[in-house]
Amino acid sequence: MVGCGSIHHPQPKDLGNLEPRTLISHQQIPVMAPEAWLIDESDQDQRLPHHRNPKEFVSLSKLQVQFILTIFTILTLQDLLELCPGKVENYEEKLKNFYREHIHADEEIRYCLEGSGYFDVRDKDDTWIRIWIKEGDMIVLPAGIYHRFTLDTSNYVKLMRLFIGEPVWTAYNRPQEDHPARQVYIKTLESSGVAVKAH
Ligand SMILES: [Fe+2]
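Just so we're clear, the structure is a prediction, and the values are computed from it rather than from any experiment.

S.K.: Summarise the UniProt feature "binding site: Fe(2+)" (unreviewed entry) in the protein; cite the residues concerned and give the values.
M.R.: According to UniProt, the positions carrying the feature "binding site: Fe(2+)" (unreviewed entry) are His102, His104, Glu108 and His147. A maximum C-alpha distance of 11.5 Å places the annotated residues, which cover 46 residues in sequence, within one compact spot. With respect to the helices and strands, the residue His104 is situated in the loop between strand S4 (102-103) and strand S5 (108-122). With 22 C-beta atoms packed within 10 Å, His104 lands in the buried category. If sequence neighbours within four positions are ignored, His104 has contacts with Ala143, Trp169, Thr170, Ala171 and Ala181. Structurally, His147 is set in strand S8 (residues 147-151). The contact partners of His147, leaving out residues within four places of it in the chain, are Phe119, Asp120, Val121 and Leu141.

S.K.: I'd love a proper account of helix H4 (residues 180-191), names of residues and values included.
M.R.: Between its terminal C-alpha atoms H4 stretches 16 Å, which fits the 16 Å expected from twelve residues at 1.5 Å a residue. Among the residues making up H4, those that are buried are Arg182, Tyr185 and Leu189. For H4, the angular spread of the buried residues around the axis is 60 degrees, confining them to a single face. H4 presents Pro180, Lys187, Glu190 and Ser191 as exposed residues on the side facing more than 90 degrees away from its buried surface. Where H4 is buried, its residues touch S4. Among the residues trailing H4, Gly193 stands out with phi positive, at a value near 95 degrees.

Cut-offs applied
- Residues numbered from 1 in each chain as written.
- Predicted model: local features only at pLDDT ≥ 70, side-chain atom pairs only at ≥ 80, totals over all residues.
- UniProt positions renumbered as here; feature names shortened; annotations may be inferred.
- Helix = DSSP H or I, 4+ residues; strand = E, 2+ residues; numbered from the N terminus.
- Buried ≥ 20, exposed ≤ 12 C-beta atoms within 10 Å, placed from the backbone.
- Contact = placed C-beta atoms within 7 Å.
- Expected span 1.5 Å × (residues − 1).
- Arc of directions from axis to C-beta.

Following this line, the structure appears as structure tokens:
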């Protein structure tokens, strides 16, 4: 998802004069652990944090166990995209589209260069976890995981989209229980000992 907004191929200045391979080596740019929490289900502005009361944070180790998050070392740098009001055509519609729950047939890999936003992912109990991505954060969502994206109230993000092999970013809206990527994802979770709630 997040295949929207103003998209352009990166220029040297965008990459801080680093080659893509250098950028993802994790040696010159630290990869930060993003904050994550369980969210309420209210219909308020999607760009608000939507914390529960009291707040319920999710640790990175729990995220790794639940979603089999993996950092890959061989990636293809595809492009950069910026999303903010006034800069993007059909901004409201695009923001709404990104917020529609979906999966992909491949990993969704994003590196946040500027600004911030929320990736929401479903846990094994089908509960939303909100992951706050800020400058310097990288996220890898496995193929087949239900997720969505929104800006936060800062209303600006610049993301680098990275791919393993051929770039693919088709979104399949929920329900997708019969999609091969979804089935592989569920099987992977179950084989790692995570019982997944039936849907
Ligand atoms: Fe997506």
